[in-house]
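# Summary of structural features
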Amino acid sequence: MKKLVDKYKKDFLKSLEELRGYSDLTIKSYDETLVEASWHVEVFEEDSQHIINLMPYRIKIAHLNPKTISRKLSSIRTFVEYLNDNGLSCVLKADDTIKVAKTLPKPISHNHILEALNKASLEESLVIIMLYTLGLRISELSSLKLEDIDNEWVRVLGKANKQRDIPLLNSTKELLEEYLSKISVKTFLFEKNSEKLSENSLRYIVNKVFKRVALKVTPHQLRHSYATALLNNSARISDVSELLGHSSMATTQIYTKLGSALKQQNYNKAHPLCSGEE
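These numbers were taken from a predicted model, which means no experiment stands behind them.

### Description of the sheet that holds strand β3 (residues 90-93)
An order of β1-β2-β3 is seen for the three strands of this open sheet, with the pairing classed as mixed. Two strands in the sheet have a free side with no partner beyond their single neighbour: β1 (42-46) and β3. Averaged over all adjacent pairs, the angle separating strand axes in this sheet is 25°, with direction ignored. The pairing of strand β2 (residues 49-53) with β3 spans four bridges and is classified as parallel. Bridge assignment links I52 to a residue of β3, and that residue is L92. Docked against the sheet, helix α4 (residues 66-85) engages β2 and β3, running at close to 160° with respect to β3.

### Quick word on the pairing of strand β5 (residues 163-167)
The side-chain alternation of β5 yields one buried face, formed by R164 and I166, and one unburied face, formed by Q163, D165 and P167. Taken together, the five bridges between strand β4 (residues 153-157) and β5 define a ladder with antiparallel strand orientation. Looking across to β5, one finds that W153 is bridged to P167. What sits between β4 and β5 in their antiparallel hairpin is a turn of five residues, with A160 showing a positive phi close to 55°.

### Some details on the side chain of E199
Tracing the sequence through the fold places E199 in helix α9 (residues 199-211). In this structure E199 is buried but unpaired, with R203 as the nearest side chain of opposite charge at 4.1 Å.

### Comments concerning the pattern of salt bridges
Following the criterion strictly, the structure yields ten salt bridges and no others. Salt-bridge contacts for R236 lead to D239; the nearest nitrogen and oxygen are separated by 3.0 Å. A relative accessible area of 55% places R236 in the exposed class. Using a relative accessible area of 31% as the deciding quantity, one classes D239 as partly exposed. Within this structure, E124, K208 and R212 form a network of salt bridges that share partners.

### Digging into the nonpolar core
For soluble globular proteins, nonpolar side chains are generally found buried alongside one another. Residues L141, L189, F190 and F210 are the most contacted members of the largest nonpolar core, which totals 43 residues. For this core, the secondary structure elements donating two or more residues are α5 (110-117), α6 (122-134), α7 (138-142), β4, α8 (170-182), α9, α10 (219-232) and α11 (237-244). The biggest single contributor to this core is α6, with eight residues. Those residues within four positions of L189 in sequence are excluded, and the remaining contacts are L126, M130, L144, K145, L146, I149, L176, Y179 and L180.

### Observations concerning helix α2 (residues 24-38)
Each α-helix turn comprises 3.6 residues. Residues three or four places apart therefore point the same way. An ideal rise of 1.5 Å per residue puts 21 Å on 15 residues; α2 measures up with 21 Å between its terminal C-alpha atoms. Where α2 is concerned, the buried positions are I27, S29, Y30, T33, L34, A37 and S38. For α2, the buried positions fall inside an angular range of 160° around the axis, keeping them on one side. Next to the buried residues of α2 lie α1 (2-18), α3 (55-60) and α4.

### Details of the environment of L73
By the secondary structure assignment, L73 is in helix α4. A sequence separation of 39 residues divides L73 from L34, and the C-alpha atoms of the two residues are 9.7 Å apart.

### With respect to α9
The end-to-end C-alpha separation of α9 is 18 Å, in line with the 18 Å expected for 13 residues at 1.5 Å each. Taken together, the buried residues of α9 touch α2, α5, α6, α7 and α10.

### Some words on the packing of aromatic side chains
Under the criterion given, the structure shown has five aromatic pairs. Ring centres of F12 and F79 lie 5.2 Å apart, and the angle between their planes is 70°; on these two criteria the pair is classed as edge-to-face. Of the two residues, F12 sits in helix α1 while F79 sits in helix α4, which places them 67 residues apart along the sequence. You can call F12 buried: its relative accessible area is 1%.

### Thoughts on the confidence of the model for the protein
With 86% of its residues at a pLDDT of 70 or more, the protein shows a mean pLDDT of 85. Ranking the helices and strands of the protein by mean pLDDT puts α6 first, with 96, and helix α12 (residues 249-270) last, with 57.

Definitions and limits used
- Residues numbered from 1 in each chain as written.
- Predicted model: local features only at pLDDT ≥ 70, side-chain atom pairs only at ≥ 80, totals over all residues.
- Heavy atoms only, no water.
- Pairing = 2+ DSSP bridges.
- Helix = DSSP H or I, 4+ residues; strand = E, 2+ residues; numbered from the N terminus.
- Axes fitted to C-alpha atoms, helices over the stretch in contact; angles between N-to-C directions.
- Contact = heavy atoms within 4.5 Å.
- Buried < 20%, exposed > 50% of the residue type's maximum accessible area, 1.4 Å probe, protein only.
- Lys, Arg positive; Asp, Glu negative; His and termini not counted.
- Salt bridge = Lys/Arg side-chain N within 4 Å of Asp/Glu carboxyl O.
- Core = buried A, V, L, I, M, F, W, Y, C linked by side-chain atoms within 4.5 Å.
- Expected span 1.5 Å × (residues − 1).
- Arc of directions from axis to C-beta.
- Phe/Tyr/Trp six-rings, centres within 6.5 Å; stacked < 30°, edge-to-face > 60°.
- pLDDT = per-residue confidence, 0-100.

This is the structure in structure tokens:
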């Protein structure tokens, strides 16, 4: 497999960026998986086809959790699809799917977010607020340009270069105006040396702010918190799906399950006959 990877990887990764609009972090994950797999996957020719046997690689990664294995195999499948689309006839062997248990997202309570904001600088506060009140992915926040923000709406470029408009809360708008009056930026909302602030830098800011209140929080948990808050306050699932930039409402459905789980937990805590039920 190493020859195929060496020959086609560069153009494949470029296509993920240009055609699918994948983030730098996602492309890096694809790259690392292909390099790792290239040393273990068997490739041989049969009836003018490249037979790609994943079994040696699957044995190599068998100790990892199912979600990680599924992600790695998905990366290889996408690469093989690219090869087939570009004139190579490839067949995957030992390509059985991995069953991955669906886990509920873990939102952060509104009070905990407020507590963290009380200990944040102006820039740190805006990072947290933009993620929490707009439900952005970290890649979307990193790429957000000043020209995409007006008085009432924020235009976001999401996965696969799909655009969506998200309403801007008055409180968020006021924080934005304060930030822009005190911090000079040219193109992107968050910049360093006239370049957009990287996803890793923004992620570090989030981690640092919540660490001050003894919490470990990721940017994606703030996105979860945004979605959960909307659904728990009777927002339509179709609207939430559109605001999050989900390609399918099925992806958004998990938040309705989360709402039910939280209601059950609160009921168990509140009802006098439920002691010992959790």
